[in-house]
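If you want the building blocks of each chain, they are given just below.
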Amino acid sequence: MNKLLIAAVSGLLASMAAPAVSAQAAQPVELKGDVKVVKVVVENGQEKRVLIDPKVVVPGDKLIFSTAYRNTGVEAVKDFVVTNPIPAGVALAPQGADKLEVSVDGGKTWGRLAALKVNNAAGPRAAEAGDVTHVRWVLPMLAPGASGTLTYNALVR
Amino acid sequence: MRASWGTATVAALGAMLAPGLAHAAGVSAGTLIQNTATATYTSGTTSGSVTSNTVTVRVDELLDVAVAGLTTTPALAGASNVVLEYSLTNTGNGPEAFNLVVNTAVAGNQFDAVLQSVVVDTNGNNTYDPGVDQVLTSGQPTPSIAADGSLRVFVIVSLPGTAIDGQTSQVQLSATAVTGSGTPGTVFAGQGQGGGDAVVGASTATQSANDALIAALATVALTKAAAVADPFGGTQPVPGAVVTYTLTATVSGTGQADNLHVTDVIPAGTTYEIGTLTLDSAALTDGNDTDAGEASAAGIDVDLGNVAGGTTKVVTFKVKID
């Protein structure tokens, strides 16, 4: 009798776990990452900036990482926070960094770059774009069907 | 070994690009940069999180090089070979070998040095060690240099026979990435470290630098004078008279006379006066021993060794007329 009960319970657990996985797949929000490299091309003697797929990337190149989001559900989504760790090998580009909410301590504290400090051997100093470990975007609400793209610029170290 | 392009043009190009070479090589070629974003949210009463796909960028190989002449004061070139030192730095972000070209015919040269060999500092001690450091044969590239690594290069040259004391010359060493060079941004598909492409950087992946040398040569002038003292207090060359010979060696120039000997034969009809050999007024023994001179019935030989320019050496000896 006891063995049967255990079998029934474990069967119940298994059947509960399965819907949880499918709920994960049917999330109301989708995120799609992309990256482009900014190249300067000369056309008719004029320098022009173009965004191209990063087939050839070397240190010093400027990359634009983007994350497209969309509320695919039928209900509004609230407290939507997209967090993006800065990958090893790139630094947040100084250009445009002041418009982002960033962290220089691995995501523990957040703020505008100008308000953040980092500690080094000589004491605290003003944080620079190269110190940034994470960027994030906070959107209070996404209506059903709402979409957008979040971007940050990075330089290959 | 002479490059076909104008040297002045290359030197100017190097000066223009120098500031671009200051930054370090950066992320290693082949590194994968991977970006993933995560979102948290609340929907109704439940909260959830979602992760984006991961985008990956592979860092390609940047081809860059810097060359510097390390012989800051012109090397003095005399009779023996001169070692000119250069440093070669891989300012790219992947391991790379470089082809070296020596140009001895730099514009403005008063003489063109004779190239003997190009040697790399195999044991990394910053000193030219003949027989230890690797001699590059013509067309042979350097060993691979790690990103941000430096290699010291020794260019061994000698003076041409036509060089005159005090003339100056420059020797140019050019280094070019083996993978390729050219306009910055030129791509060598699939030839980068780690499976990516190789891309020419701001240095054009070819750079050069000059070292200077100056001919330091010496000329030797030898004069001989004789003074006769006869037995009667006069100066007549009669039998029994003693002749004092004075040999004056004058070395001039900025270099030195190597292994300089003053030799003379005892004239026929005279006999060497034992123990009369002197160098700069100091007596020398006649035997072949530790002092500089030796003398016999046949002649004298004084070994002055290496004598610097601007030095005068005086040798005297006496003979008696038979």
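Because the structure is predicted, anything quoted here is derived from the model rather than measured.

What follows concerns the interface of chain A and chain B. As a measure of interface size, the accessible area lost when the parts come together is often cited. Taken together, the 34 residues of chain A in the interface contact 31 residues of chain B. Of all the secondary structure elements, the ones that give two or more residues to the side of chain A that touches chain B are β1 (29-43), β3 (62-71) and β4 (77-85) of chain A. Ranked by residue count, the leading element in the side of chain A that touches chain B is β4 of chain A, at eight residues. Among the residues making up the side of chain A that touches chain B, the classes are represented as 19 nonpolar, eight polar and seven charged. Alignment of β4 of chain A against strand β2 (residues 38-43) of chain B, held across four bridges, turns out to be antiparallel. In the strand pairing of β2 of chain B, valine 81 of chain A is matched with threonine 40 of chain B.

This part takes up the environment of aspartate 105 of chain A. Residues and elements named next belong to chain A. Along the chain, aspartate 105 turns up in the loop between β6 (101-103) and β7 (117-120). For aspartate 105, a count of 15 C-beta atoms within 10 Å translates into the label partly exposed. Through-space distance from the C-alpha of aspartate 105 to that of leucine 92 is 14 Å; in sequence the pair is 13 residues apart.

All names here are of chain B. On domain assignment, one finds that chain B holds domain 1 (7-19 + 27-40 + 57-215) and domain 2 (218-321). Placing a centre on the C-alpha atoms of domain 1 and another on those of domain 2 gives a separation of 53 Å. Across the side of domain 1 that touches domain 2, the residue classes tally to one nonpolar, two polar and one charged.

Further remarks concern the pairing of strand β24 (residues 299-308) of chain B. All names here are of chain B. Here eight bridges tie strand β19 (residues 256-265) to β24, and the two strands are oriented antiparallel to one another. Looking at the pairing, histidine 261 lines up with aspartate 303 of β24. Inspection of the sheet shows strand β23 (residues 293-295) paired to β24 by three bridges, in the antiparallel sense. Looking at β24, one finds that glutamate 294 is bridged to aspartate 301. Counting the residues in the hairpin turn of β23 and β24 gives three residues.

Okay, the sheet that holds strand β5 (residues 90-92) of chain A next. Residues and elements named next belong to chain A. An order of β2-β1-β3-β10-β5 is seen for the five strands of this open sheet, with the pairing classed as antiparallel. Unpaired on one side and paired on the other, β2 (46-52) and β5 mark the two borders of the sheet. In this sheet, neighbouring strand axes are inclined to one another by 35 degrees on average, regardless of whether the strands run parallel or antiparallel. Relative to strand β10 (residues 147-156), β3 runs antiparallel, the two sharing nine bridges. Its bridge partner lying in β10, threonine 67 is registered against leucine 150.

Rules behind the numbers
Residues numbered from 1 in each chain as written. Chains lettered and ligands numbered in written order. Predicted model: local features only at pLDDT ≥ 70, side-chain atom pairs only at ≥ 80, totals over all residues. Contact = placed C-beta atoms within 7 Å. Helix = DSSP H or I, 4+ residues; strand = E, 2+ residues; numbered from the N terminus. Nonpolar A, V, L, I, M, F, W, Y, C, P; charged D, E, K, R; others polar. Pairing = 2+ DSSP bridges. Buried ≥ 20, exposed ≤ 12 C-beta atoms within 10 Å, placed from the backbone. Domains from an automatic or database assignment. Axes fitted to C-alpha atoms, helices over the stretch in contact; angles between N-to-C directions.

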